[in-house]
Amino acid sequence: MASTNEREWGTHINALSTAFMKSHVLFAANAAGVFALLEEPRGASEIAQRVGWDARAARILLDALVSLELIAQTGGLYRNAPIASACLVPGKTGYQGNIVNHISNTVNQWVHVDETLRTGKALHGERHQRTPEELRAFILGMNDIGRTSAREMLDVIDLSSFRNLLDVGGGPATYTIAFLAAHPAMRGTVFDRPDVLAIAREQVHEAGLDGRVSYAAGDLTTDPLGSGYDLILVSNIIHSYSSDTNGALVRKCFDALDSGGTLIIKDFLTENDRSGPAFSLMFALRMLLANGEGDTYSFADIESWTQAAGFADGRVVDLTPQTRLWVVRKP
Ligand SMILES: C[S@@+](CC[C@H](N)C(=O)[O-])C[C@H]1O[C@@H](n2cnc3c(N)ncnc32)[C@H](O)[C@@H]1O
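Cut-offs used in this document
- Residues numbered from 1 in each chain as written.
- Predicted model: local features only at pLDDT ≥ 70, side-chain atom pairs only at ≥ 80, totals over all residues.
- Helix = DSSP H or I, 4+ residues; strand = E, 2+ residues; numbered from the N terminus.
- Buried ≥ 20, exposed ≤ 12 C-beta atoms within 10 Å, placed from the backbone.
- Contact = placed C-beta atoms within 7 Å.
- Pairing = 2+ DSSP bridges.
- Axes fitted to C-alpha atoms, helices over the stretch in contact; angles between N-to-C directions.
- Domains from an automatic or database assignment.
- Core = buried A, V, L, I, M, F, W, Y, C linked by C-beta atoms within 7 Å.
- Near = placed C-beta within 6 Å.
- Nonpolar A, V, L, I, M, F, W, Y, C, P; charged D, E, K, R; others polar.
- pLDDT = per-residue confidence, 0-100.
- Parallel < 35°, antiparallel > 145°, perpendicular 65-115°, else oblique.
- Left-handed = near helix turned anticlockwise from the far one by under 90°.
- Expected span 1.5 Å × (residues − 1).

Draft legend 1. Highlighting the overall build of the chain. When its secondary structure is counted, the chain shows 14 helices and nine strands. Scored against the burial criterion, the 331 residues of the chain give a buried share of 35%. In the chain, 66% of the contacts between residues at least 6 apart in sequence involve partners at least 24 apart.

Written out as structure tokens, the structure is:
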């Protein structure tokens, strides 16, 4: 007879091996626009007709969404649960549909995890070249998750003395927008690839901050970052690159800062002995699959780069158990 432990372990392993099914239920509903429709109660056949699904398949998928507690069913009509209404309907302030879409675009990397494990490189040995639609989902996905982190950063760090921000790999400019909105005397420059800057411009325009933001198109691994900044943010960049590339980036940040300026590196950092946090340990694999060079780093790793570049002693600021900041000053 199986012991209690074996039964519990078996249940846990079964949950792990079937977890991908839940992701695919969410991906399918998100991609088809189901949650926007379910702001009103609707039957499976109406949903099927609206999104182009088979009616029986629609009923089965909708029931699966009920099992995930994303929607509810009463009397044969389906409707968003509060979580879906807040986070999966386009236009809502908590919208997460872009990041869900972005993660669904990375499924192929996970299907072929064995290839990456054998080669140590991204799938087919290359960083994934995104289509314009994939790039948009990625960059707007960063905005979905960054809005909350930007608010949390403003709660824990006093940025009121800074005037000239450089947002390295700024993506959709989420942090630039939040910092400038909170500090009217601050100006910002977003450094990123040209196709990403086009999306950043849209976001900055929507936020009404056009006159206070500049854009620098370039490759952060090969191009200089400019000069004259008193604050540099490197948010969610280092996990895409090797230790050597990150060390070189930190040196460029040092050169781009005025004396007395501050560098903030934000990422999913690990404990020095890599005992956790769990999210950051799993995220390293996600970045290995996506970029080949990708990984997550510890405070000791980051401190070695900032000390080598000439920065003074750093301090750690925790935003969440996994999102952490390393804050250093140029002497
Ligand atoms: C994970 S996103 C983070 C975006 C933003 N910093 C945030 O935290 O929301 C990484 C960003 O870095 C940019 N990036 C990555 N490698 C780059 C490179 N070599 N040159 C310029 N930009 C780069 C990407 O285009 C993307 O916008």
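Moving on from the coordinates now.
Draft legend 2. Spotlight on the sheet that holds strand 8 (residues 315-318). Strand order in this open sheet of seven strands is 5-4-3-6-7-9-8, and the pairing throughout is mixed. A single partner strand is all that each edge strand has here, and the edge strands are strand 5 (213-217) and strand 8. With strand direction ignored, the average angle separating the axes of adjacent strands in the sheet is 20 degrees. Packing against the sheet, helix 11 (residues 194-206) makes contact with strand 4 (187-192) and strand 5, and its axis sits at approximately 170 degrees to strand 5.

Draft legend 3. Geometry of the domain arrangement of the chain. By domain assignment, the chain separates into domain 1 (4-89) and domain 2 (148-274 + 291-329). Here the C-alpha centroids of domain 1 and domain 2 sit 37 Å apart.

Draft legend 4. Local environment of the nonpolar core. Counting residues in hydrophobic clusters, the biggest one holds 53 residues, and the most contacted among them are Val168, Ile232 and Cys253. The greatest single-element share of this core, amounting to seven residues, is contributed by helix 9 (residues 132-156). If near-sequence neighbours (up to four positions away) are discounted, Cys253 is found in contact with Val168, Leu225, Ile232, Val234 and Leu263. Membership of the second largest hydrophobic core comes to 19 residues, among which are Ala29, Val34, Ile47 and Leu70.

Draft legend 5. Looking closely at the pairing of strand 8. For strand 8 and strand 9 (residues 323-329), the ladder comprises four bridges, and the chain directions are antiparallel. When the bridges of strand 9 are listed, Val317 appears paired with Leu325. Here strand 8 folds back onto strand 9 in antiparallel fashion, the turn holding four residues.

Draft legend 6. Examining the site of the ligand more closely. Neighbouring residues of the ligand: 17 residues in total, closest Met142, Gly169, Gly171, Ser235 and Asn236. Here the element with the most residues in the shell around the ligand is helix 9; it accounts for three residues. For the shell around the ligand, the residue count by class is five nonpolar, nine polar and three charged.

Draft legend 7. Structural detail: the confidence of the model for the chain. Residues of the chain with pLDDT of at least 70 account for 100%, and the chain-wide mean is 96. Taken element by element, the predicted model of the chain shows its lowest mean pLDDT in strand 8 (94) and its highest in helix 2 (residues 34-37) (99).

Draft legend 8. How the structure looks around the packing of helix 1 (residues 4-32) against helix 6 (residues 97-104). Across the interface, helix 1 lies against helix 6 with an axial gap of 10 Å and an inter-helix angle of 120 degrees. Classed by the angle they form, the pair helix 1 and helix 6 counts as oblique. Classified by chirality, the crossing of helix 6 by helix 1 is left-handed. Listed contacts from helix 6 to Leu26, Phe27, Asn30 and Ala31 of helix 1 are Gly97, Val100, Asn101 and Ser104. The residue makeup of the contact of helix 1 with helix 6, split by class, is four nonpolar, four polar and no charged.

Draft legend 9. Representation of the packing of helix 12 (residues 243-256) against helix 14 (residues 299-309). With their axes 9 Å apart at the nearest point, helix 12 and helix 14 run at an angle of 45 degrees to one another. The angle between the axes of helix 12 and helix 14 places the two elements in the oblique class. The chirality of how helix 12 crosses helix 14 is right-handed. Along its contact with helix 12, which presents Ser243, Asn246, Gly247, Val250, Arg251 and Phe254, the element helix 14 presents Asp301, Trp305, Thr306, Ala308 and Ala309. Of the residues assigned to the contact of helix 12 with helix 14, the class counts are five nonpolar, four polar and two charged.

Draft legend 10. Layout of helix 9. Taking 1.5 Å as the rise per residue, helix 9 with 25 residues should run 36 Å; its terminal C-alpha atoms sit 35 Å apart, in good agreement. Where helix 9 is buried, its residues contact helix 6, helix 10 (174-182), helix 11 and strand 9.

Draft legend 11. Quick look at the pairing of strand 1 (residues 71-74). Relative to strand 2 (residues 77-80), strand 1 runs antiparallel, the two sharing four bridges. Bridging across to strand 2, Ile71 finds its partner in Asn80. Between the end of strand 1 and the start of strand 2, which pair antiparallel, lie two residues, with Gly75 showing a positive phi angle near 55 degrees.

Draft legend 12. Unusual backbone geometry, seen in detail. For the bond from Gly276 to Pro277, the omega torsion is -5 degrees, close enough to zero to count as cis. Within the element layout of this structure, Pro277 appears in the loop between strand 7 (257-268) and helix 13 (278-291). Within the chain, Glu69 stands out as a residue other than glycine whose phi angle is a positive 65 degrees. Positive phi, close to 55 degrees, is recorded for Arg274, a residue that is not glycine.

Draft legend 13. View of the environment of Asp54. You can see Asp54 is positioned in the loop between helix 3 (44-51) and helix 4 (55-67). For Asp54, a count of 10 C-beta atoms within 10 Å gives the class exposed.

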